[in-house]
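Coordinate analysis (summary)
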Amino acid sequence: MNSELLFEALGEVAAEDILRAGIAGGYLEGKRKARPVVRIALVAAAVLILLAGAVGAKMVLGVWNDRWVQTPASDPEAVVRDAIENQMQKEYTRSVRVVSVTEDAQEAEKVWTGAKDSMLARQNGRPDTALSERCGSREDFKVLYCVYEAEYEHTETWYADGKLGQWFYLIRDGEGKWEIWESCDPVALDPPNASAQEAPPEPANTDGAVEETIRMVKAWEQFDDVASITVEKAVYSPKQTARALEALTGSSLAAAEAWTEEYLRENMAAVEITYTTRYRSESNQPTPASETETGAYYLLRDPATGQWKNSEITGFMDAIE
């Protein structure tokens, strides 16, 4: 389907209706419905795959379905090193080199006790409550932090190049061998071409982009389990806009959409927003739950109308971060 036709079709449907359709009935029988951010991500993923076309779809599905090539061993550090070095078996890897692997006992304790501020809980939007069912004892669970340098083929993946840091969560089996159970997304420690990430000239009417971002987030109040959403802060971010411009330059997404650098400089804006979601009480929860989140949305402006809309760039940036 042509991207313009898809946008045109979606434009006829209210954002709130799309959200309701994507989450009708919830996911899990007998469990709390997925949070709005997760449900939005699933709807956005489907739209992103359609928009990006065959190449983009391959990249999206490749990122989300990727698995570590690992060999369980008695040395957990060796397992992580091996998994990183085995990235060379993937068609999207040009080069990779492990810099260091260290144990993170503090993160391991947070994950084991179900703390909400662990790196894994922050990524997944919730702490893991079933780890003890997968792991025999606390001694059979470790977290290792790996620093490595990598360069990728960006026609095949959206992974970032440069020096990266990544948490790995390992479980020891009954035979005394460790294997990777879970991992966080890699974090860029030393992004390449950092000097090129200077803030581009601010597009006209970034206030409109901020207002549209607030409207999108507030629309989640339509969900049955959401009592209210309070926006703490929403501002145009020159830094995030520059990062997106750098990431999009030469990408298959920009090529598929025929976005020139000039067009993006004049019509793209990143908005950082912090908001608190308060959920409705459930029978087993005397105090309503709430959570505060911070995120970035990447909007494009229609040069003809000046109207700002959230774009597939948001999903693109989430995939590479």
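Below: a short report on this structure.

About the cut-offs
- The written sequence of each chain sets the order in which its residues are numbered from 1.
- Restriction of local features to residues with pLDDT of at least 70 applies here, the model being predicted, together with a cutoff of 80 or more for giving and counting side-chain atom pairs; totals for whole chains, interfaces and linings are based on all residues.
- The basis for every side-chain value is the complete set of heavy atoms in the structure, and neither hydrogens nor water enter the calculation.
- Nonpolar cores are built from buried Ala, Val, Leu, Ile, Met, Phe, Trp, Tyr and Cys residues. Side-chain atoms within 4.5 Å join them into one set.
- To sort residues, take the accessible area from a 1.4 Å probe on protein chains only and compare it with the maximum for the residue type: under 20% means buried, over 50% means exposed, and anything in between is partly exposed.
- For helices the rule is a DSSP run of H or I covering at least 4 residues; for strands it is a run of E covering at least 2, with both sets numbered from the N terminus onward.
- Residue contacts are defined here by distance: any two heavy atoms, one from each residue, within 4.5 Å place the two residues in contact.
- Space inside and on the surface of the protein is sampled on a 1 Å grid over the protein atoms alone, with a cavity defined as a set of points where a 1.4 Å probe fits but cannot get out and a pocket as an open set with protein on both sides within 12 Å along at least 5 of 7 lines; lining residues have an atom within 4 Å of a point.
- Grid points are joined across faces, edges and corners, and a volume is the space filled by probe spheres set on the points.
- Residue polarity follows a fixed list, in which Ala, Val, Leu, Ile, Met, Phe, Trp, Tyr, Cys and Pro are nonpolar, Asp, Glu, Lys and Arg are charged, and the others, Gly among them, are polar.
- For this analysis, a ring pair means two rings from Phe, Tyr or Trp (six-membered ring only for Trp) whose centres lie within 6.5 Å, classed as stacked if their planes differ by under 30 degrees, edge-to-face if by over 60, and tilted for the remaining angles.

**As for the nonpolar core**
- Ranked by internal contacts, the top residues of the largest apolar core, which has 19 residues, are V80, I84, C146, Y148, Y152, F168 and L170.
- Breaking this core down by element, the ones donating at least two residues are α4 (76–85), β1 (93–103), β2 (141–152), β3 (162–172) and β4 (178–183).
- For this core, the leading source of residues is β2, giving five residues.
- Contacts of I84, omitting those with residues within four sequence positions, involve W68, V96, V98, C146, Y148 and F168.
- Core analysis: the next-biggest nonpolar cluster, separate from the first, contains 18 residues, A209, M216, V271 and L299 among them.

**Thoughts on empty space enclosed by the protein**
- Overall, the coordinates contain one cavity of 30 Å³ or more when judged by the stated rule.
- Forming the walls of the largest cavity are V111, S118, L120, A121, N124, R126, P127 and D128.
- Top contributing element to the lining of the largest cavity by residue count: helix α6 (residues 119–124), with three residues.
- Of the residues that constitute the lining of the largest cavity, the class distribution is four nonpolar, two polar and two charged.

**Digging into the environment of V226**
- One can find V226 in strand β6 (residues 226–236).
- Take V226: its relative accessible area is 0%, and that puts it in the buried class.
- Separated by 53 residues in the primary sequence, V226 and Y279 place their C-alpha atoms 4.4 Å from one another.

**So, the packing of aromatic side chains**
- Across all of its chains, the model carries six aromatic pairs by this definition.
- Aromatic side chains F141 and W181 sit 6.3 Å apart centroid to centroid with 70 degrees between the ring planes, which places their arrangement in the edge-to-face category. With F141 in strand β2 and W181 in strand β4, this pair connects stretches of sequence that are 40 residues apart.
- Centroid distance Y145 to W167: 4.6 Å. Interplanar angle 50 degrees. Geometry classified as tilted. With a gap of 22 residues between them, Y145 in strand β2 and W167 in strand β3 connect regions that are remote in the sequence. In this pair, the class of Y145 matches that of W167, namely buried.
- Ring-pair connections join several aromatic residues into one group, and the members of that group are W112, F141 and W181.

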